[in-house]
Amino acid sequence: MPLAAEPDDAHEEGEDQQLLLTAKGGPALEGLVVGSYCHDVLIRGGRIVGETLGGAAAFVSNVLDAASPREEEQGEAPFVVVSKVGRDFAYASAPAPARRPPLLCASPTTSFHAQFSDAAASAHAPDRELRRVRACDPIYPADLPDRRFAYGLAVGVAGEVLPETLERMIRLCHAVLVDAQALIRAFDGDGAVGHVALEDTPYARLLPRVAFLKASSEEAPYVGVETARRQCCVIVTDGRDGCRLYWDGGEARVAPFPAVQVDPTGAGDSFLAGFAAGLLWGLSATDAALLGNFFGAAAVSQAVKEILEEKIAKRSSPCINGTTFTFDRSSVHDELHAALQEAARLMPEQQQADPTNGNGGDICSV
Ligand SMILES: Nc1ncnc2c1ncn2[C@@H]1O[C@H](COP(=O)(O)OP(=O)(O)O)[C@@H](O)[C@H]1O
Ligand SMILES: O=P([O-])([O-])O[C@@H]1[C@@H](O)[C@H](O)[C@@H](O)[C@H](O)[C@@H]1O
């Protein structure tokens, strides 16, 4: 496992030279998350069907807050987010940005249009075309706090994590986990997201000092798994099929969890954060990937929320305020029952349809 620090940043004599990402003793487990929040506009059939807070930093923050270990006296999970937005940022009061506010810039907030085909909800791979319509400033090395961190997550979405910024992260953090989308995205004149080969980028030389590189199956060919696995551990996520880990000398498949996919946005980000949380608890990488798969599945399956949004008009004053409970079987009761039953039925069906579900991780050597 590569340690990220430079020789001149070397640890004290006698300090454990293994990965320091463990909840058992060791230094404070403070993390550094680098990547900008953004605006996501979701489009289906030419119609805007949703506008949401996006950016891997938002998904990662939510999962780390939910799942990373912390000392009893700590209120918030110990990690810092370095993110940039413009004055038009629409989600300052959403949980993640409210807890860890972004830096404000003169340029507008990064925005993506995500175009989904109708097959997206059920198909094997999320059928999503992304277009960056606005880009905020890059994150510079000087934007990072000047102190050491147990771990770093490089999770840019629009090229904002510059090579020199990743290098600075590597110097500051004991172990750095990188989302390939931060390194290999290229944008054409229209902002359409494409990919370049990692080996042709200035990030390539940093790979031996990265602990884990996560790529989706679509990104994997650009990463060059066979070359990259000799330099760091590569994790390839594969939607409803779970993920595979590749290291120098072995590989493992880690089984997925069943999910009724509603919106694939944020699955990869949530995977990476769940995986990091698993490492923080002291799990092996293969076991931590289970946690990654769990949070990836949770991210895509907003089935119940969608049903509630569709079936129930939100009341201005929720019944839970203690005085207005009623016990009538309302007109939506049967409809709601049918919709939830259908969602519940789909879950085991999806699991059975995929015979690879439910098995443990198969590890094999190469
Ligand atoms: N339909 C699904 N059912 C169950 N798990 C899923 C599904 N889609 C994604 N996941 C989980 O989320 C992870 C990341 O999803 P993936 O689609 O590969 O990434 P990305 O969002 O980067 O394209 C997967 O490895 C898997 O664990
Ligand atoms: O869906 P996913 O691949 O995990 O990650 C997504 C990015 O690819 C996308 O650019 C961004 O706009 C989304 O908010 C989300 O962060």
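Check the entry above for the structure.
Keep in mind the model is a prediction, meaning the values are calculated, not measured.

This part covers the environment of Gly-296. Mapped onto the elements of the fold, Gly-296 is located in helix α8 (residues 285-300). Separated by 101 residues in the primary sequence, Gly-296 and His-195 place their C-alpha atoms 22 Å from one another. Once you skip the residues sitting within four places of it in the chain, Gly-296 turns out to touch Ala-267, Ser-270 and Phe-271.

Moving on, we come to the site of ligand 2. Around ligand 2 sit 18 residues, and of these Asp-40, Gly-55, Arg-185, Gly-266 and Asp-269 come closest. Take Asp-40: an N or O atom from its side chain is 2.4 Å from an oxygen atom of ligand 2. Residue Gln-181 places a side-chain N or O atom 3.1 Å away from an oxygen atom belonging to ligand 2. Within the complex, the protein chains bury 95% of what would otherwise be the 380 Å² of accessible surface of ligand 2. Looking at the shell around ligand 2, the elements with two or more residues in it are β2 (38-44), α1 (56-67), β8 (128-134) and α7 (267-280). Take the shell around ligand 2: its biggest share by element is three residues, from α7. A per-class count over the shell around ligand 2 returns eight nonpolar, six polar and four charged.

Bringing the site of ligand 1 into the picture now. Near ligand 1, the surroundings consist of 18 residues, among which Thr-237, Gly-239, Gly-242, Phe-257 and Asn-293 are the closest. Here an oxygen atom of ligand 1 sits 2.8 Å away from a polar atom, N or O, in the main chain of Gly-239. Gly-242 places a main-chain nitrogen or oxygen 2.8 Å from an oxygen atom of ligand 1. The fraction of the free accessible surface of ligand 1 (550 Å²) that becomes covered by protein chains is 93%.

Glancing now at the packing of α7 against α8. Taken N-terminus to C-terminus, the directions of α7 and α8 make an angle of 145°; their axes are 7 Å apart at the nearest point. Crossing handedness for the pair α7 and α8: right-handed. The residues of α8 that touch α7, namely those facing Ala-267, Ser-270, Phe-271, Gly-274, Phe-275, Ala-277, Gly-278 and Leu-279, are Ala-285, Ala-288, Ala-289, Leu-291, Gly-292, Asn-293, Phe-295, Gly-296, Ala-299 and Val-300. Residues that form the contact of α7 with α8 fall into these classes: 12 nonpolar, six polar and no charged.

Mapping Pro-256 onto the fold places it in the loop between β16 (250-254) and α7. Under the relative-accessibility criterion, Pro-256 is labelled buried at 9%. Sequence separation of Pro-256 and Phe-294 is 38 residues, and the distance between their C-alpha atoms is 7.2 Å.

Before going further, it helps to examine the environment of His-195. In this structure, His-195 sits in strand β12 (residues 193-195). When the C-alpha positions of His-195 and Gly-86 are compared, they lie 26 Å apart, and in sequence the two are 109 residues distant.

Scanning the entire structure with this criterion turns up six aromatic pairs. Between Tyr-37 and Phe-89, the ring centres sit 6.1 Å apart and the planes meet at 15°, which makes this aromatic pair stacked. Of this pair, Tyr-37 sits in the loop between β1 (31-34) and β2 while Phe-89 sits in the loop between β5 (84-86) and α2 (95-99), placing them 52 residues apart in sequence. The same class applies to Tyr-37 as to Phe-89, namely buried. Between Phe-294 and Phe-295 the ring centres are 5.3 Å apart and the planes differ by 85°, which places this aromatic pair in the edge-to-face class. Taken together, the ring pairs connect Tyr-37, Phe-89 and Tyr-91 into an aromatic cluster. Above the ring of Phe-187, the side-chain terminus of Arg-132 is found at 3.9 Å from the ring centroid.

Where side chains of opposite charge bring their charged atoms close, a pairing between them can arise. Enumeration over the complete set of coordinates arrives at 12 salt bridges. Among the ionic pairs, Glu-30 bridges to Arg-147, the shortest N-O distance being 2.6 Å. Here Glu-30 is found in the segment before β1, whereas its partner Arg-147 is found in the loop between β8 and β9 (149-154), with 117 residues between them in sequence. The salt bridge involving Asp-65 is made with Arg-99; its shortest N-O contact spans 2.9 Å. Of the two residues, Asp-65 is situated in helix α1 and Arg-99 in helix α2; the sequence distance between them amounts to 34 residues.

How each quantity is defined
- Starting afresh in each chain, residues are numbered from 1 along the sequence in its written order.
- A letter from A marks each chain and a number from 1 marks each ligand, given out in the order of writing.
- Local features in this predicted model are restricted to residues whose pLDDT is 70 or higher, and side-chain atom pairs enter the listing and the counts only when it is 80 or higher, whereas totals over whole chains, interfaces and linings include all residues.
- Excluded from the side-chain calculation are hydrogens and water; included are all heavy atoms of the structure.
- A run of H or I in DSSP becomes a helix once it reaches four residues, and a run of E becomes a strand once it reaches two; helices and strands are each numbered from the N terminus.
- Residues count as neighbours in contact if any of their non-hydrogen atoms are within 4.5 Å of one another.
- Proximity is defined per residue: any heavy atom of the residue falling within 4 Å of a molecule or strand makes that residue near it.
- As used in this structure description, the phrase polar contact means that two N or O atoms lie within 3.5 Å; if the pair is within protein, one of them must be able to donate a hydrogen and the other to accept it, and residues adjacent in sequence are counted only when both atoms belong to side chains.
- To measure how exposed things are, a 1.4 Å probe is used in the Shrake-Rupley method; for residues, cover is taken only from the protein chains shown.
- Amino acids are sorted into nonpolar (Ala, Val, Leu, Ile, Met, Phe, Trp, Tyr, Cys and Pro), charged (Asp, Glu, Lys and Arg) and polar (every other residue, Gly among them).
- To obtain an axis, a line is fitted to C-alpha atoms, over the contacting stretch when the element is a helix, and the angle between two such axes runs from 0 to 180 degrees between their N-to-C directions.
- The sense of a crossing depends on the near helix, which, turned anticlockwise from the far helix by less than a right angle, makes the crossing left-handed and, turned clockwise, makes it right-handed.
- For the exposure calls, accessible area comes from a 1.4 Å probe over protein chains only, and a residue counts as buried if that area is under 20% of its type's maximum, exposed if over 50%, partly exposed in between.
- Pairing of aromatic rings covers Phe, Tyr and Trp, the last counted by its six-membered ring, and requires centre-to-centre distances within 6.5 Å; plane angles under 30 degrees mean stacked, over 60 mean edge-to-face, and any other angle means tilted.
- Geometrically, a charge over a ring is one whose NZ (Lys) or CZ (Arg) sits within 6 Å of the ring centre while staying within 35 degrees of the ring normal.
- Each reported salt bridge corresponds to a side-chain nitrogen of Lys or Arg within 4 Å of a carboxyl oxygen of Asp or Glu.

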